[in-house]
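Listed here are the chains, written in short residue letters.
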Amino acid sequence: MDNGDIESAEDEFGGQSGRKYRPVVSHDRAVLQMSPLDSGSSSSLPVPQSPFTNLKTSMQGNMSSDAREESSTNHEELNGSERESKLELFGFDSLVNILGLKSMTGEAIAAPSSPRDGEDVSNTLGRSKANDLKLGTLMGVFVPCLQNILGIIYYIRFSWIVGMAGIGQSLLLVSFCGLCTFLTSISLSAIATNGAMKGGGPYYLIGRALGPEVGVSIGLCFFLGNAVAGSLYVLGAVETFLDALPGAGIFGEVVTKVNGTEAAVAVPSPNLHDLQVYGIVVTIILCFIVFGGVKMINRVAPAFLVPVLFSLFCIFVGAVLARKDHPAVGVTGLSLKSLKDNWSSSYQNTNNAGIPDPDGAVSWNFNALVGLFFPAVTGIMAGSNRSASLRDTQRSIPIGTLAATLSTSAMYLFSVFLFGSLATREKLLTDRLLTATVAWPLPAIIYIGIILSTLGAALQSLTGAPRLLAAIANDDILPVLHYFRVAEGREPHIATLFTALICIGCVIIGNLDLITPTITMFFLLCYAGVNLSCFLLDLLDAPSWRPRWKFHHWSLSLLGAVLCIVIMFLISWSFTVVSLALASLIYYYVCIKGKAGDWGDGFKSAYFQLALRSLRSLGASQVHPKNWYPIPLIFCRPWGKLPENVPCHPKLADFANCMKKKGRGMSIFFSILDGDYHECAEDAKTACRQLSTYIDYKRCEGVAEIVVAPSMSDGFRGIVQTMGLGNLKPNIVVMRYPEIWRRENLIEIPATFVGIINDCIVANKAVVIVKGLDEWPNEYQRQYGTIDLYWIVRDGGLMLLLSQLLLTKESFESCKIQVFCIAEEDSDAEELKADVKKFLYDLRMHAEVIVVSMKSWDAQGEGGSQQDESIEAFTGAQRRIAGYLSEMKEAAKREGTPLMADGKSVVVNEQQVEKFLYTTLKLNSTILRYSRMAAVVLVSLPPPPLNHPAYFYMEYMDLLVENVPRLLMVRGYRRDVVTLFT
């Protein structure tokens, strides 16, 4: 059938189909993608002749050309969603659903502004419009990284570092710091190539890998690092300006006498107050530029690199042309003698400006130089910060970042030998701008290059830091940051003002050497976060972890993270402790005050794999009694009705908490919806969410499950067989006693109730039935009196264990335990009491033991009102059972069948029925006699007798619980839950 046949068939049967089809033309994307399915198959396989072909041909013969053109036009105007009619069988999952593919890549559907409810976020930081120019590897990653790495440290501190540490330790210093950034670049490349990367820089990467809590804490520290780095660049530019023009100083220069010379040499340095005044002015000017808009900054930003590269060229040419004492005293030119003299270190005290001074307050060593030099290798995140503006992030970020890192590290290593062989140590330590001194042709070129590069870097910091803060605020994790939120496409003015205030505060400090360790700590925290993210993702190796960058390994990421931490402690253990404490405080604050978010982070994958490994380690064998924990399966469906929007009885959650020791354990709350699964699936999901929310509201650790089944019995039978995995299956079924069944004439309850108990017995599950649930105390209602146990049958110690768990709760901690044992003969009473006392002592349980003889039941005439109440209930039960039995006999006689109850044949032994009634009567009388004032009573649950009607069993139970306000009926299962041995 061709396209025309489809059209003709639709015209004839349009009223039935309800859908219009358009002809698929050759240039359609669907045809281009699925061409082997159409053209190839049609050429090789016979196509059956359609019965509508002749009809289509005759209709085309009668159709005018205008009509055909109009029809073709109308077909072309149909929307794209109707183009995939050939693959209608596959529905919305068809790969040729172009709109679907666009929504998968995030091109057509805008992402929400918050990651709550499991949704991802497209941050406003760096988000580009469809018509914006996308950047390649060179201008998008390599140039920004190079511009940020080659900063002021190289110009005004690197030659000084070589003079202080010597060539040997300077090589070690550069290699050590360069290895840290190189390993971080590898980790960054792996994470950045593991799927589409939105704006947000390292905050986005760390947050999506380690979770919103870690992402926000490290992201805020990284923001502070960028804000403080802006002040570093401003102070560097001002210091260079004052060195070039000493007369511009307001307060005058500071003159220091240098040690180690035959005659005192006066070395001028900028005044601290000049640095502060000029620094504040420059910061304010830069802020006005930032407020003007980021488009102008992005246009001129590449131009800042030109003076830097040209100044480097001038430095290298000047070093080659330098001769002894030319262009200044102390310059030796490239000399092997200077290389040998400067090979070893010469650490000494300096003043705050870095000038050697025997009485200086600053003492230098290798660790301190690490903190001073490390900012010279930072800037590797500049490319990832622009991820939203890159044409191909998965190609540009690895190549550009690693190229910038390796090229600058190689240049630093070369410069160590260059400066070490260029001048004497005294010249290296006293001439802070040796690069300008030796530069060819004029020193002014270096001054201009330093000022432009540092101001450009400062402008980038004051531009990027506010957007990072706005991205964190837009994720809506921390409500306190909502002041910094901005709409898409708007400038973050409030965040920019806040960043400027931080920058001005650091400028007021005015000491470059005190600011750089602070920046180092924040950047190292960020680098450690990137390395740990890659380490975790690579070690877990989830199915979604498929980075295009293959040159990575979890051991390299771990080594990079360890190097970051080691460098932090080498620089300053006090700064390290402060920075880690700050990050920890932010993390704790996010956990307490932050909104929930699920970004599919690595920790969730780690928890999943840890749970799987723990489940496998538990195996399928029985858990030892010492390691036994109650895992209650709590039946939330009420025997009756609950108020609207209350999915579970409020007291069930309180009782579930009483079954756990210090909150350890898991509870499974489940309910059953009657109906067809296909019709009630959505209702079940809604009910499950409501139940889960209610569990969290009641502060009960557990999970919610909703099952759709034709009936309550079928649903419970399916749950009790399938719920749980391995040894993490529920072992106790908890439900409320149906006290209302007779009062509201709910005749279907007895069969369901008895069926549930029988299913638990068959499935080997313990049963706890709560009578008087409405009066069960919450955590604030303290109870006094006793917890009475009527221990009749061996239950593996479950009843004893439950009583001990109740004592661990504040509401029952003031109670005492009494254990009542039933002896058949009086002669057995004393021996039974001694055995039970010894057993409880070995179990480390404190309880009073009371033995009740069955023969003494007949002599309870002194029971008084309790006996009268029980007798009244007994006679009522006899009367109702006799009436129910007579109805069964009449029905059996009328239909000529055996006695039937609940749809099955039953055998009624009237003498046995009387015996059961009498046993429950005497047990109820004993409970009322000894335990009427008890806080809670626990009694062994008798199993439903075989071949007895469920109605009879309900009568037995009603008689047992009559007038007992709060009672737990407990039945263990075929195993011990307590042990005598250590």
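The protein chain goes by Cation-chloride cotransporter 1 in an unreviewed UniProt entry, where it is assigned to Vitis rotundifolia. The Sequence similarities (unreviewed entry) comment attached to the protein chain in UniProt states, word for word, "Belongs to the SLC12A transporter family." Per UniProt, the protein chain has the following entry under Subcellular location (unreviewed entry): "Membrane".

Engineer: In this structure, what is going on with helix 10 (residues 158-192)? I would like to understand it.
Structural biologist: Since there are 3.6 residues in each turn of an α-helix, residues three or four apart along the chain are aligned in direction. In a regular helix each residue adds 1.5 Å, so 35 residues correspond to 51 Å; helix 10 covers only 32 Å between its end C-alpha atoms and thus falls short of that length. Residue Gly166 marks the point of greatest curvature in helix 10, where the axis turns by about 110°. With 29 of its 35 residues buried, helix 10 lies for the most part within the structure.

Engineer: Would you mind showing me how to read the sheet that holds strand 6 (residues 667-674) here?
Structural biologist: The strands making up a sheet are joined through hydrogen bonds of the backbone, oriented either antiparallel or parallel. Pairing in this open sheet of 10 strands is mixed, and the strands run 7-6-5-8-9-16-15-10-11-12 from one edge to the other. Two strands close off the open sheet at either side, each with one partner strand: strand 7 (702-709) and strand 12 (848-853). Neighbour-to-neighbour, the strand axes of the sheet open up by a mean angle of 20°, direction not taken into account. As judged from the 5 bridges shared by strand 9 (residues 766-771) and strand 16 (residues 967-971), these two strands associate in the antiparallel manner. Looking at strand 16, one finds that Lys771 is bridged to Leu967.

Engineer: Before we go on, may I ask you to explain the packing of helix 15 (residues 305-321) against helix 19 (residues 393-420) in this structure?
Structural biologist: A pair of packed helices is characterised by two quantities: the angle between their axes and the separation of those axes. At a minimum axis distance of 11 Å, the contact between helix 15 and helix 19 shows a crossing angle of 35°. Considering how the two elements wind past one another, helix 15 and helix 19 form a crossing that is left-handed. Side by side, helix 15 and helix 19 meet where Leu312, Ile315, Phe316 and Ala319 of the first sit next to Met411, Phe414, Ser415, Leu418 and Phe419 of the second. By residue class, the composition of the contact of helix 15 with helix 19 is 8 nonpolar, 1 polar and no charged.

Engineer: Quick question: what am I supposed to make of the pattern of salt bridges here?
Structural biologist: Two side chains with opposite charge may pair up if their charged atoms get near one another. Counted according to the given criterion, the structure contains 12 salt bridges. One salt bridge connects Arg717 with Asp714, and the closest N-O pair in it is separated by 3.6 Å. Placement of the pair is Arg717 and Asp714 together in helix 30 (residues 712-722), with a separation of 3 residues, close to one helical turn. Of the residues examined, Arg717 reaches a relative accessible area of 34% and is grouped as partly exposed. Its salt-bridge partner being Asp774, residue Arg736 comes within 3.1 Å of it at the nearest N-O pair.

Engineer: What is the right way to read the packing of aromatic side chains from this model?
Structural biologist: By convention here, two paired aromatic rings are described through the distance between centres and the angle between planes. Under the defined criterion, the tally for this structure stands at 32 aromatic pairs. Relative to Tyr697, the ring of Tyr694 lies with its centre 6.0 Å away and its plane at 40°, an arrangement referred to as tilted. Remark: Tyr697 and Tyr694 occur in helix 29 (residues 677-697); sequence separation between them is 3 residues, near one turn of the helix. A centroid spacing of 5.5 Å and a plane angle of 50° characterise the contact between Trp776 and Phe812, whose relative ring orientation is tilted. Taken together, the positions of Trp776 in the loop between strand 9 and strand 10 (786-791) and Phe812 in the loop between helix 32 (798-807) and strand 11 (816-823) put the pair 36 residues apart, joining distant regions of the chain. The pair Trp776 / Phe812 is uniform in exposure class, with both members buried.

Engineer: Any chance you could explain a negative patch on the surface here in plain terms?
Structural biologist: Taken together, Glu824, Asp828, Glu831 and Asp835 make up a surface patch of like negative charges. Of note, Glu831 is situated in helix 33 (residues 829-842). In this structure Glu831 comes out as exposed when scored by relative accessible area, which is 54%.

Engineer: Where do I start with the confidence of the model for the protein chain in this structure?
Structural biologist: Regions with low pLDDT should not have their predicted coordinates read in detail. Here the protein chain shows a mean pLDDT of 77. Residues at 70 or above account for 78%. Taken element by element, the protein chain is modelled with least confidence in helix 3 (residues 29-33), mean pLDDT 38, and with most confidence in helix 10, mean pLDDT 93. Across residues 1-85 the pLDDT falls below 50, and counting only partners more than four positions away or on other chains, this stretch makes 64 contacts in the model. Predicted confidence for residues 91-131 stays below pLDDT 50, and this span has 79 contacts to residues more than four positions away or in other chains.

Engineer: How do you make sense of the side chain of Lys427 when you look at a structure like this?
Structural biologist: Take Lys427: it is sitting in helix 20 (residues 425-430). Under the relative-accessibility criterion, Lys427 is labelled buried at 13%. When neighbours within four sequence positions are excluded, Lys427 is seen to be in contact with Ala328, Val329, Gly330, Val331 and Leu434.

Engineer: Can you walk me through unusual backbone geometry in this structure?
Structural biologist: The phi torsion of most residues other than glycine is negative, and most of the peptide bonds are trans. Here the bond from His326 into Pro327 is cis, since omega is 15°, no more than 30 degrees from zero. Relative to the elements of secondary structure, Pro327 occurs in the loop between helix 15 and helix 16 (336-341). In this structure, Pro441 follows Trp440 across a cis peptide bond, with omega equal to 0°. For Pro441, the location among the structural elements is in the loop between helix 21 (434-438) and helix 22 (443-474). Positive phi is not limited to glycine here, since Asp325 has a value of about 55°.

Engineer: Teacher, can you tell me more about the pairing of strand 6 here?
Structural biologist: In the case of a regular strand, side chains alternate between the two sheet surfaces. Burial within strand 6 is extensive, with 6 of its 8 residues counted as buried. Pairing analysis gives 3 bridges linking strand 5 (residues 632-635) to strand 6, with the strands arranged parallel. When the bridges of strand 6 are listed, Ile634 appears paired with Phe669. Sheet analysis places strand 6 next to strand 7, joined by 8 bridges and oriented parallel. For Ile672, the partnering residue across the bridge sits in strand 7 and is Val707. As for the winding sense of the linkage, the β-α-β connection from strand 6 through helix 29 to strand 7 is right-handed.

Engineer: What's the story with a nonpolar patch on the surface in this structure? I'm lost.
Structural biologist: There is a patch of nonpolar side chains on the surface, built from Ile250, Phe251, Val277, Val281, Ile285 and Ile289 and spanning about 500 Å² of accessible area. The class for Phe251 is partly exposed, based on a relative accessible area of 46%.

Engineer: So what exactly am I meant to see when it comes to the nonpolar core here?
Structural biologist: One broad rule of soluble globular proteins: the nonpolar side chains tend to lie buried together. Within the largest apolar cluster, 139 residues are counted, with the highest numbers of intra-cluster contacts made by Phe158, Leu369, Phe373 and Tyr412. At 18 residues, helix 10 tops the list of elements feeding residues into this core. By size, the runner-up hydrophobic cluster in this structure holds 66 residues, among which are Leu899, Leu921, Leu941 and Tyr951.

Engineer: How should the environment of Ala687 be read in this particular structure?
Structural biologist: Here Ala687 shows up in helix 29. Residue class for Ala687 comes out buried when judged on its relative accessible area of 18%. A C-alpha to C-alpha distance of 9.9 Å links Ala687 and Ile672, two positions 15 residues apart in sequence.

Quick notes on the rules
- Residues numbered from 1 in each chain as written.
- Predicted model: local features only at pLDDT ≥ 70, side-chain atom pairs only at ≥ 80, totals over all residues.
- Heavy atoms only, no water.
- UniProt positions renumbered as here; feature names shortened; annotations may be inferred.
- Helix = DSSP H or I, 4+ residues; strand = E, 2+ residues; numbered from the N terminus.
- Expected span 1.5 Å × (residues − 1).
- Bend = angle between axes of the 7 residues up to and from the residue.
- Buried < 20%, exposed > 50% of the residue type's maximum accessible area, 1.4 Å probe, protein only.
- Pairing = 2+ DSSP bridges.
- Axes fitted to C-alpha atoms, helices over the stretch in contact; angles between N-to-C directions.
- Left-handed = near helix turned anticlockwise from the far one by under 90°.
- Contact = heavy atoms within 4.5 Å.
- Nonpolar A, V, L, I, M, F, W, Y, C, P; charged D, E, K, R; others polar.
- Salt bridge = Lys/Arg side-chain N within 4 Å of Asp/Glu carboxyl O.
- Phe/Tyr/Trp six-rings, centres within 6.5 Å; stacked < 30°, edge-to-face > 60°.
- Patch = residues over 30% accessible without salt bridge, like charges linked within 9 Å, V, L, I, M, F, W, Y side chains within 5 Å.
- Areas by Shrake-Rupley, 256 points an atom, 1.4 Å probe, with all protein chains shown as cover.
- Lys, Arg positive; Asp, Glu negative; His and termini not counted.
- Charge placed at Lys NZ, Arg CZ, Asp CG, Glu CD.
- pLDDT = per-residue confidence, 0-100.
- Right-handed = clockwise from strand over helix to strand, strands pointing away.
- Core = buried A, V, L, I, M, F, W, Y, C linked by side-chain atoms within 4.5 Å.

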